[in-house]
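What the coordinates show
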Amino acid sequence: MKFEGSSIIVTGAGSGIGAAIARHAAAKGAKVCVCDLDGDKARAVADEIGGLAIVCDVRDETQIKSMITEASEAHGDIDIYVSNAGLGKGDPDHAASQSDAHWELNWQVHVMSHVYAARALLPGMIERKSGHLVNVASAAGLLNQIGDAAYSATKHAAVSFAESLAITHGADGIGASVVCPQYVATPLLGMSDADASKQASLLTADDVATAVIDGVEAGRFLILSHPEVQTYAVHRAKDHDRWVAGMQMLRAKAMDTFGGIQVENFYKLM
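It should be emphasised that the depicted structure is a prediction, and the values quoted were computed from it without experimental measurement.

1. Quick notes on helix α2 (residues 39–49)
Residues of α2 that are buried: Gly 39, Ala 42, Val 45, Ala 46 and Ile 49. The buried residues of α2 occupy one face: seen down the axis, they fall within an arc of 135°. Away from its buried face by more than 90 degrees, α2 exposes Asp 40 and Asp 47. For α2, the elements touching its buried residues are α1 (16–27), β2 (31–36) and β3 (52–55). Between a side-chain oxygen at the N-terminus of α2 and the backbone nitrogen of Asp 40 the separation is 3.1 Å; the capping residue is Asp 38. Once α2 finishes, Gly 50 follows within two positions and takes phi at roughly 70°, a positive value.

Right, dumping it as structure tokens:
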């Protein structure tokens, strides 16, 4: 799948990784729909790249369907859909301490938003025998994010759903990719590009966007901006008990170093 001349939607594109993907896609010659819950941020990015801004709450299937219809009317049938919107808050105490409402929010944003988009787009893509669905998950979807059980569980589900898309619809001419970055200097972690220059394990949103563009054009399923995540995932698969013990040690190191579990600090230990 090539970006030049394609019609693309990027959710959560008002800032961070989503905005970077939108900019890179536009630079490649794509017609970009910038979707975000924050209309001002979406319009700012869209104005910058000559794209279309649409406000959408990805938890709402009706809004996703309406957004896809509006983008299709403006730019033609959707060729590439990047389901990128996400959130992260962390556990207030033990691993089950977050509220039901928080777990439901993670489920809706990290899993059902991908399902709603695929449900709306797949019939047309199957008929055309073309299209590419990109689900932005996280390294936590292959491993685990210490201190954020809801995030980790739903990102695992996002990876699994992307696998189902690839397995079921590869024969239909439809591509599917899952993006699993590790630590990225974005507003989600309260950081900017300047922070990334201080730590090798902390990438910029542009770094991730470059990996996404290259991965989609190459037809890759698993897109890793941090290649070392593949090594960690192999270690996990080979000896799960040993991997869990290592993660327990990493958690203890975080407790000793920072006096608690703050998700935004873990990149400093890598």
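2. Regarding the pairing of β2
Along β2, five of the six residues are buried, which leaves the element largely enclosed by surrounding structure. Pairing between strand β1 (residues 7–10) and β2: four bridges, direction parallel. The residue bridging Val 10 from the neighbouring strand is Val 34, located in β2. Handedness of the crossover is the feature at issue here: the chain leaves β1, passes through α1, returns alongside β2, and the resulting connection is right-handed. Once the chain exits β2 it traverses α2 before rejoining the sheet at β3, and the crossover so formed is right-handed.

3. Structural notes on the sheet that holds β2
Here we have seven strands laid out as an open sheet, ordered β3-β2-β1-β4-β5-β6-β9, and parallel in their pairing. With partners counted over all chains shown, the strands left at the sheet margins are β3 and β9 (222–223), one partner each. Bridge analysis of β1 against strand β4 (residues 80–83) gives three bridges, and the strand direction is parallel. Residue Ile 9 lies in a different strand from β4, and its bridge partner there is Tyr 81.

Each value, and the rule that gives it
Residues numbered from 1 in each chain as written. Predicted model: local features only at pLDDT ≥ 70, side-chain atom pairs only at ≥ 80, totals over all residues. Heavy atoms only, no water. Buried < 20%, exposed > 50% of the residue type's maximum accessible area, 1.4 Å probe, protein only. Helix = DSSP H or I, 4+ residues; strand = E, 2+ residues; numbered from the N terminus. Arc of directions from axis to C-beta. Contact = heavy atoms within 4.5 Å. Polar contact = N/O pair within 3.5 Å; in protein donor to acceptor, adjacent residues only side chain to side chain. Pairing = 2+ DSSP bridges. Right-handed = clockwise from strand over helix to strand, strands pointing away.

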